[in-house]
Amino acid sequence: MLSAYYSKGCKSEKLFINREIAKDPSFLEHLNKHPVIYFDLYPFMYEWSSGKLKDQTMVQYFEDTHVAELAREYSHVEIKQGMSLHNAMRAIANDENDNHKFIVIIDEWDMVLREGVNEPNMIEDYIACLRSIFRSKDTADYLDGAYMTGILPIIKYNTQSALSDFREYTMLDPGPLAKYVGFTREDIRVVCERYGADEKALKEWYDGYSFPGIGEVYCPSSIIQAAKNGVYKSYWTATSAMESLTDYIY
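Residues numbered from 1 in each chain as written. Predicted model: local features only at pLDDT ≥ 70, side-chain atom pairs only at ≥ 80, totals over all residues. Heavy atoms only, no water.

A.B. asks: Help me get a handle on the pattern of salt bridges, residues and values and all.
C.D. replies: Tallying each qualifying case throughout the model produces seven salt bridges. Shared partners join several salt bridges into a network, and the residues in it are E108, D110 and R114. (Salt bridge = Lys/Arg side-chain N within 4 Å of Asp/Glu carboxyl O.)

Encoded structure:
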């Protein structure tokens, strides 16, 4: 959704025009005006865990791959082999033909920390890479914003000082995003009307959170599965996220 909204490679106004966001005065300000980089860490962690990386570390492979992609996309900009990712982004943003700043999106930013828990050097390199992108002296020259999701908070690995420019929102402390972390009571009524679900049963099973001024907030995945299946049970505990968290809970 974020990629569709920000990306210069999309014409996505029709996707959003009938949504609440279109009522915001700033709706058109960033719509399809940015180059977007979406970091998917899974393939890089797979190459590392399967032993396929020989002369490169996982982080080197991660950077080199994305720099090469930028070099292909922006062939008119001088991007040299071995250039760091943040320098490549800066070169593109400073080019007179491509002077829009980047939006960076990382889903499961903490995958490296979780999967490489016994690889302190890899974790250190990864944090250094993120720091070079998000906290270098010229970050503001090429970056307009970044979104990172993850299971574990940044402070979990004592890297708060390294990535302290981020505003951290959690399920327990979502701040102004409270009504967006799950389905509200109004959303539940819409689901019940659409699927013929039992509103009382949905509330009894899935109202996991309550925030001041918002009220109960429900797990979207569980709500939709229960509504479609007509079966009310614990869906969330069967997800991979829950399985990953048990190592840290117990």
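A.B. asks: Tell me what's going on with unusual backbone geometry, and back it up with residues and numbers.
C.D. replies: Within the chain, N32 stands out as a residue other than glycine whose phi angle is a positive 55°. One non-glycine residue, E108, lies in the positive phi region at around 55°.

A.B. asks: Give me the lowdown on the nonpolar core, citing residues and values where you can.
C.D. replies: Core analysis: the biggest nonpolar cluster contains 39 residues, and M58, L70, M89, Y126 and F134 have the highest contact counts within it. Listed by contribution, the elements that provide at least two residues to this core are strand 1 (36-39), helix 3 (42-49), helix 4 (58-73), helix 5 (85-94), strand 2 (102-106), helix 6 (111-115) and helix 7 (120-134). In terms of residues, this core owes the most to one element, helix 7, which gives eight residues. Among all residues touching L70, those that are not within four sequence positions of it are I37, I79, L85, A88, M89, I92 and F102. Counting 11 residues, the second largest nonpolar core, distinct from the first, contains V191, C192, I223 and A226. (Core = buried A, V, L, I, M, F, W, Y, C linked by side-chain atoms within 4.5 Å. Buried < 20%, exposed > 50% of the residue type's maximum accessible area, 1.4 Å probe, protein only. Helix = DSSP H or I, 4+ residues; strand = E, 2+ residues; numbered from the N terminus. Contact = heavy atoms within 4.5 Å.)

A.B. asks: Explain the packing of aromatic side chains to me, and be specific about the residues and the numbers.
C.D. replies: Any two aromatic rings considered together are summarised by their centre-to-centre distance and by the angle between their planes. As enumerated under the stated definition, the model contains 10 aromatic pairs in all. Relative to Y61, the ring of F44 has its centre 5.3 Å away and its plane inclined at 65°; by these criteria the two rings are edge-to-face. Residue F44 is located in helix 3, and its partner Y61 is located in helix 4; the two are separated by 17 residues in the primary sequence. Here the aromatic residues Y5, Y6, F16, F27 and Y147 are joined through ring pairs into a cluster of three or more. (Phe/Tyr/Trp six-rings, centres within 6.5 Å; stacked < 30°, edge-to-face > 60°.)

A.B. asks: Please set out the sheet that holds strand 2 residue by residue, giving values where relevant.
C.D. replies: Across the sheet, which stays open at both edges, the three strands sit in the order 1-2-3 with parallel pairing between neighbours. This sheet does not close on itself; its edge strands, each paired only once, are strand 1 and strand 3 (143-148). Pairwise comparison of adjacent strand axes, ignoring direction, gives a mean angle of 15° for this sheet. Note: strand 2 against strand 3, five bridges, orientation parallel. Bridge assignment links F102 to a residue of strand 3, and that residue is L143. Strand contacts of helix 5: strand 1, strand 2 and strand 3, with the helix running at about 150° to strand 2, the strand carrying the most contacts. Helix-sheet contacts for helix 7 involve strand 1, strand 2 and strand 3, and the interaxial angle to strand 3 is about 145°. (Pairing = 2+ DSSP bridges. Axes fitted to C-alpha atoms, helices over the stretch in contact; angles between N-to-C directions.)

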